[in-house]
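Structural overview
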Amino acid sequence: MPDPLLLSARAAAQEIAAGRLTAEALVTACLDRIGAREPVVGAWDYLDRDAALAAARRCDASPPSGPLHGIPIAVKDLIDTFDMPTGYGSPIYEGHRPAADAACVALARAAGAVVLGKTVTTEFACFTAGKTANPKNPVHTPGGSSSGSAAAVADGMVPLGFGSQTAGSVIRPASFCGCIGYKPSFGVIPRAGVKMLADSLDTIGVMARSVDDAAFFTGVLAGRPALRDIEMPEAPPRIGIYRTPVWSEAEPSTIAAMDRARAALERAGAWTAEIVVPAEHQGLTAAQESVMGFELVRSLAHERIRHSAELSPRLAQMLDAGMAVGAPEYDAAVAETAAARTKLDGFFGPCDAMLVPAAPGAAPQGLGYTGNPVFNRMWTLLGTPCITVPALWGENGLPTGVQLVGRIGDDVRLVVAALFLERALAEAA
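Anyway, here's the lowdown on the structure attached to this text. Note that this is a predicted model, so its numbers are computed, not measured. (Residues numbered from 1 in each chain as written. Predicted model: local features only at pLDDT ≥ 70, side-chain atom pairs only at ≥ 80, totals over all residues. Heavy atoms only, no water.)

Structural notes on the overall build of the protein
Secondary structure summary: the protein contains 16 helices and 11 strands in total. C-alpha atoms of the protein, sized along the principal axes, occupy 60 × 60 × 40 Å. Looking at the protein as a whole, 59% of its 429 residues are labelled buried. Relative to all contacts within the protein whose residues are 6 or more apart in sequence, the contacts with residues 24 or more apart total 77%. For the protein, the accessible surface area stands at approximately 15300 Å², while carbon and sulfur atoms represent 55% of it. (Helix = DSSP H or I, 4+ residues; strand = E, 2+ residues; numbered from the N terminus. Buried < 20%, exposed > 50% of the residue type's maximum accessible area, 1.4 Å probe, protein only. Contact = heavy atoms within 4.5 Å. Areas by Shrake-Rupley, 256 points an atom, 1.4 Å probe, with all protein chains shown as cover.)

Right under this line is the structure:
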């Protein structure tokens, strides 16, 4: 048996089901890795080694309960767990014990997963950073807000993790840390039991070390067999190269990552074409900021009104800005979004997916700034599925990812294209 940490989540589940690997051995390997690396990375907010091992032993003592039987997972500390504290990254909720699991956690446990613990989130999944460092270079940010999950998965501490995205909180940290970040179409993974920030934006996503594992995990949770059991496409995909209205924000590493991804796709036989920015996309980044600001003020009304002294200065500034967004501006942004959605089919045209930047560049230096979600905002606003794949590795050890975007509800086609891209980049290495 190879090192359990080198197995994909799918392969580990198959080995456990066949009796060739125990859940206890896999969980032990993860806990040992955490013990060795956590002082440097700081990915975890709560970890109970004894409880995780006890859960693994229960898995080993019973028949497989589902496709994730015995697989350890990380849960972002924005997501409720009945048996572990959930602090939402804020001192307001220190020691808070929810009465129930969030729906996504309950579904994961029902499929046999072992929850190792809670991973660090920024304050209420906004921009005030937690303790986590980038596992590839710890003097750089891991991104946010799903910082702990991205760092833990990228560092081999756990094969799968939950994240959430309101602006760029799955795609950006995955790009910065060098793992797969997958934000499905809006609502594919249920959101009940997750601290709300912006009701029309918040999307549950996953972190994994391969495209196949990200699809496997999401497909199990969402009850979508076609997503759970993806395969390489019979024919190479058709990919649009879309530099978006904010291409001026792209740094040299992202420009190089886009070029490398395109070259790898074309070498592998994919059809590519440059896509012109349509007029209806020009204002979507600003529209997302208006929608997020307006809804954030209302979602965090209790904290803003009763606990203002315990909010960080950065979040207080965001709330002040949100208070300045009036209903007419919000309604106009919502209408602009709806109009752009109606034109998405024409925008994609013959393309299976669009290749776009995942972040302005590699992870910025320092742990106080989690990076700019400028290349993610419009896609979260539209509700399209997005997935990031590492494309370039810098001399300082930092990765830069690229992002594939698909049609709303057509997650399978998107993930199959990502599988193709992942293999094309590996073959080009």
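Some details on helix α4 (residues 103–110)
Taken together, the buried positions of α4 are Cys 104, Val 105 and Ala 108. Looking straight down α4, one finds its buried side chains confined to an arc of 100°; they lie on one side. In the core, the buried residues of α4 are packed alongside β2 (72–76), β3 (114–119), β4 (160–165), β6 (203–208) and α7 (211–222). Count one or two residues on from α4 and you reach Gly 112, which has phi positive near 105°. (Arc of directions from axis to C-beta.)

Quick word on the sheet that holds strand β5 (residues 180–183)
If you walk across this open sheet you meet the 11 strands as β1-β3-β2-β4-β6-β5-β10-β11-β9-β7-β8, and the pairing is mixed. The open sheet has two edge strands, β1 (44–47) and β8 (271–274), and neither has a second partner. When the angles between neighbouring strand axes are averaged without regard to direction, this sheet yields 30°. Bridging between strand β7 (residues 238–241) and β8 involves 4 bridges; their strand directions are parallel. Residue pairing in the sheet places Ile 239 in a bridge with Thr 272 of β8. (Pairing = 2+ DSSP bridges. Axes fitted to C-alpha atoms, helices over the stretch in contact; angles between N-to-C directions.)

Points about the packing of aromatic side chains
Tallying each qualifying case throughout the model produces 8 aromatic pairs. Between Tyr 93 and Phe 124, the aromatic rings sit 6.1 Å apart at their centres with planes inclined by 90°, giving edge-to-face as the arrangement. Highlighted residues: Tyr 93 in the loop between β2 and α4 and Phe 124 in the loop between β3 and α5 (147–154), separated in sequence by 31 residues. Each ring, one from Phe 162 and one from Phe 217, has its centre 5.1 Å from the other, and the planes form 45°; the classification is tilted. One end of the pair, Phe 162, is in strand β4; the other, Phe 217, is in helix α7, with 55 residues separating them in the sequence. Just as Phe 162 is buried, Phe 217 falls in that class too. Through successive ring pairs, a cluster of aromatic residues spans Tyr 242, Phe 347, Phe 348 and Trp 379. When the ring centre of Phe 294 is taken as origin, the NZ or CZ atom of Arg 298, which lies over that ring, is 3.8 Å away. (Phe/Tyr/Trp six-rings, centres within 6.5 Å; stacked < 30°, edge-to-face > 60°. Lys NZ or Arg CZ within 6 Å of the ring centre and 35° of its normal.)

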